[in-house]
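An overview of the molecular structure
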Amino acid sequence: MTDSTPTDAASSHRLRFAPSPTGFLHVGGARTALFNWLFVRKYGGAFLLRIEDTDKARSTDESTRAIFDGLRWLGLDWDEPAVYQGANVARHRSDALRLLAEGKAYRCFCTTADLDERRKAAESQGAAFVYDRRCDRLPVDEIDRRIAAGVPFTIRFRVPDGTTRWDDMVRGEIAFPNADVDDLIILRSDGTPIYNLAVVSDDIAQRITLVMRGEDHISNTPKQILLYEALGAPLPRFAHLPNILGADGKKLSKRHGATAVGDYEHLGILAEAMVNFLALLGWSAGDDREVMPRADLIALFSTEGLLRKPGVFDVKKLEWMNGQHLGMTSAEVLEPLLSPLAVSQGLATAVELATRRAWWLQLIDLLRIRGRTTVEIVRMAVPYFRDDFEYDPDAVAKQWKDRDATARLLEAVRSRLAGSGWDPVELERDLRALADELGIGAGKLLQPLRVALVGSSASPGIFDVLVLLGRERSLRRVDRALTMLAEAD
Ligand code: GLU
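The rules behind these values
- Residues numbered from 1 in each chain as written.
- Predicted model: local features only at pLDDT ≥ 70, side-chain atom pairs only at ≥ 80, totals over all residues.
- Heavy atoms only, no water.
- Helix = DSSP H or I, 4+ residues; strand = E, 2+ residues; numbered from the N terminus.
- Buried < 20%, exposed > 50% of the residue type's maximum accessible area, 1.4 Å probe, protein only.
- Polar contact = N/O pair within 3.5 Å; in protein donor to acceptor, adjacent residues only side chain to side chain.
- Contact = heavy atoms within 4.5 Å.
- Core = buried A, V, L, I, M, F, W, Y, C linked by side-chain atoms within 4.5 Å.
- Salt bridge = Lys/Arg side-chain N within 4 Å of Asp/Glu carboxyl O.
- Phe/Tyr/Trp six-rings, centres within 6.5 Å; stacked < 30°, edge-to-face > 60°.
- Lys NZ or Arg CZ within 6 Å of the ring centre and 35° of its normal.
- Pairing = 2+ DSSP bridges.
- Axes fitted to C-alpha atoms, helices over the stretch in contact; angles between N-to-C directions.
- Right-handed = clockwise from strand over helix to strand, strands pointing away.
- 1 Å grid on protein atoms, 1.4 Å probe; cavity = no way out; pocket = protein on both sides within 12 Å on 5 of 7 lines; lining within 4 Å.
- Points joined across faces, edges and corners; volume = space filled by probe spheres on them.
- Nonpolar A, V, L, I, M, F, W, Y, C, P; charged D, E, K, R; others polar.

Quick notes on the side chain of Arg-294
Tracing the backbone shows Arg-294 in helix 10 (residues 294–300). Its relative accessible area of 16% is what places Arg-294 among the buried residues. Here the side chain of Arg-294 touches Gly-75 through a polar contact of 3.3 Å, landing on its backbone oxygen. Leave out the neighbours within four places in its chain, and Arg-294 touches Trp-37, Leu-74, Gly-75, Leu-76, Glu-272 and Val-275.

Looking at the nonpolar core
Met-274, Phe-313, Leu-417 and Leu-449 are the most contacted members of the largest nonpolar core, which totals 106 residues. Of the residues forming this core, the biggest block, ten residues, is contributed by helix 1 (residues 27–43). If sequence neighbours within four positions are ignored, Met-274 has contacts with Trp-73, Leu-74, Val-261, Tyr-264, Ile-269, Phe-313 and Leu-318. Ranked by size, the runner-up nonpolar core spans 28 residues in total, among them Leu-100, Val-159, Trp-166 and Val-181.

What to know about the environment of Phe-47
Looking at the element boundaries, Phe-47 is found in strand 2 (residues 46–51). Among all residues touching Phe-47, those that are not within four sequence positions of it are Leu-15, Arg-16, Phe-17, Ala-33, Asn-36, Trp-37, Val-40, Leu-76, Asp-77, Trp-78, Asp-79 and Glu-80.

Re the pattern of salt bridges
Where charged atoms from two side chains of opposite charge come close, those side chains can pair. The final tally for this structure, using the stated rule, is 40 salt bridges. For Arg-414, the salt bridge goes to Asp-479, with nearest N and O atoms at 2.5 Å. You can see Arg-414 sitting in helix 17 (residues 403–419) and its partner Asp-479 sitting in helix 21 (residues 471–488), a full 65 residues away along the chain. Residue classification places Arg-414 among the partly exposed residues on the basis of a relative accessible area of 24%. Of the charged contacts, one joins Glu-426 and Arg-429 as a salt bridge, the two residues approaching to 3.9 Å between their closest N and O atoms. Of the two residues, Glu-426 and Arg-429 are both situated in helix 18 (residues 424–438); the distance of three residues between them amounts to about one turn of the helix. Residue classification places Glu-426 among the partly exposed positions, given a relative accessible area of 28%.

Notes on the packing of aromatic side chains
With the rule as written, the count across this model stands at 13 aromatic pairs. Note on Phe-109 and Phe-153: the rings are 5.7 Å apart at their centroids and 65 degrees apart in plane angle, and the pair reads as edge-to-face. Linking Phe-109 in the loop between strand 4 (105–108) and helix 4 (112–124) with Phe-153 in the loop between helix 5 (140–148) and strand 5 (154–157), this pair joins segments that are 44 residues apart in sequence. Taking the relative accessible area as the measure of exposure, Phe-109 reaches 6% and is therefore buried. Judged by relative accessible area, Phe-153 falls into the partly exposed class, the value being 25%. These aromatic residues form a ring-pair network of at least three members: Phe-35, Trp-283 and Phe-301. Between the NZ or CZ atom of Arg-480 and the centre of the ring of Phe-389, over which it lies, the distance is 5.2 Å.

Side note on the sheet that holds strand 4
Strand pairing in a sheet is mediated by backbone hydrogen bonds. Such pairs are either parallel or antiparallel. The strand order across the open sheet built from three strands is 4-5-8, with neighbouring strands paired in antiparallel fashion. Every other strand in the sheet has two partners, leaving strand 4 and strand 8 (185–187) as the edge strands with one partner each. Here the average twist between neighbouring strands, direction ignored, is 45 degrees. Of the pairings in the sheet, the one linking strand 5 to strand 8 comprises two bridges and is antiparallel in character.

Thoughts on the environment of Leu-227
Within the secondary structure, Leu-227 is located in helix 7 (residues 221–230). Overall, Leu-227 belongs to the buried group, its relative accessible area being 0%. The spacing of Leu-227 and Trp-422 is 195 residues in sequence and 76 Å in space, taken between C-alpha atoms. Here Leu-227 is in contact with Leu-99, Phe-157, Leu-184, Ile-186, Asn-196, Leu-197 and Val-200, once residues within four sequence places are set aside.

Concerning the pairing of strand 10 (residues 237–241)
As a general feature of sheets, a regular strand has side chains that alternate between the two faces. Of all five residues making up strand 10, four are buried, and the element is well covered by its neighbours. Pairing of strand 9 (residues 210–214) with strand 10, which is carried by five bridges, proceeds in the parallel orientation. Residue pairing across strands places Met-212 opposite Ala-239, the latter belonging to strand 10. Taken together, strand 9, helix 7 and strand 10 form a β-α-β motif whose crossover is right-handed.

A few points about the layout of surface pockets
Any empty space left between the atoms is revealed when a probe the size of a water molecule rolls over them. Computed from the structure, the largest pocket encloses a volume of approximately 1300 Å³. As for the largest pocket, its lining consists of 50 residues, and the residues nearest its centre are Pro-19, Ser-20, His-26, Asp-216 and His-217. Those elements that provide at least two residues to the lining of the largest pocket are strand 1 (14–17), helix 1, helix 6 (195–205) and strand 9. Broken down by element, the lining of the largest pocket gets its largest block of residues, five residues, from helix 1. Its residues assigned to classes, the lining of the largest pocket shows 19 nonpolar, 18 polar and 13 charged.

The structure is reproduced here in structure tokens:
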């Protein structure tokens, strides 16, 4: 990281996220969007969204919707109406024609087939193909003749001599000898713009002050800087964010599992946890802090904290972080996320949940610190809604090992429960007293009871579980356990 903390008037910052709508909003795109958004929310200015839909063949409305949905889910709001690049083609074209008129670009009559052949020939000799500028050397009358004959042409930008450098906000000084930059086509023969021209033309028109994007764009940056200069526009700053790797150290791809952010919503990840997790893929708060609510991310974000080293997308870590956020989020906030899941899992209807809201919130409150995802929390909630839950065979094998003794124990527990006051303090007092009377440790009594109540040996505190289930239901479950224990003999 180099010197870069923005000190100019806050409102002058204009940053954009410019996805191509050719697929879902993937993790890398979301990370780029987040960093642009964080910068603006921290330092002021405007965060813009530009849908780069000039590639009509690959762009879809469905994908544009997925980008909107993904950004909305993450809470990355943009400050001006979204811009569609395809609407600006006339400007892109006129910028290209201006460069042609000013002698900074030239017509190229080489066909795609010619160029492919020459590329292959160069590559077969182990050389990189470089356009040899043959069309730039055509005599004027030959150019006129071809234009008059209707020979199709592209427009190529003539890369000037020299070296192109910039002070990257993440990577420091970067320099490319212009000799390594091919004369790039900026306008196709059908008059449609090529990516590098469209991006520069739009970034100029939108008065973008900082281009922050993935480092896979670094090789485009010298071309774009040369186009800014040729168009006489002031340069923005650039920041190239590091790659994102999978847990195996390889570049993140579908092989690593879900890469669309929307998938994580369905896997039960909270937007707040996803934002926190993405923020650490290329940024650090400067200490060991990892779990941060959004407000802290904004407060702590700084360009000094941008990292060069790749971020690692470790799903296990994301789940851990989600668990931390679930624990930091109130039951009231989680309820609207969990209720639809509980309804779709058939645990209750929306009306039932609304009627038992206080009970439901209490249950959420007990479970939210135990699950890593909302999906897992709803799974843990099953025994509180339904009597036909599954018994974990390991828990049964371990906690109900001696069936006769367990049956005798649960009989004693049952009669104590039948006579106990129904609140956590009284239940605890009575059951501990019973354990003392029986001369066993409390755990020896409570674990078999836990299996009877919820089918597993892990649950929130057993006295809270009893209260949530209620006396009648708890006794029914103990009865059912007794029947099962009797049947097993
Ligand atoms: N549309 C380009 C992409 O999806 C990004 C353009 C840019 O950020 O400059 O990769």
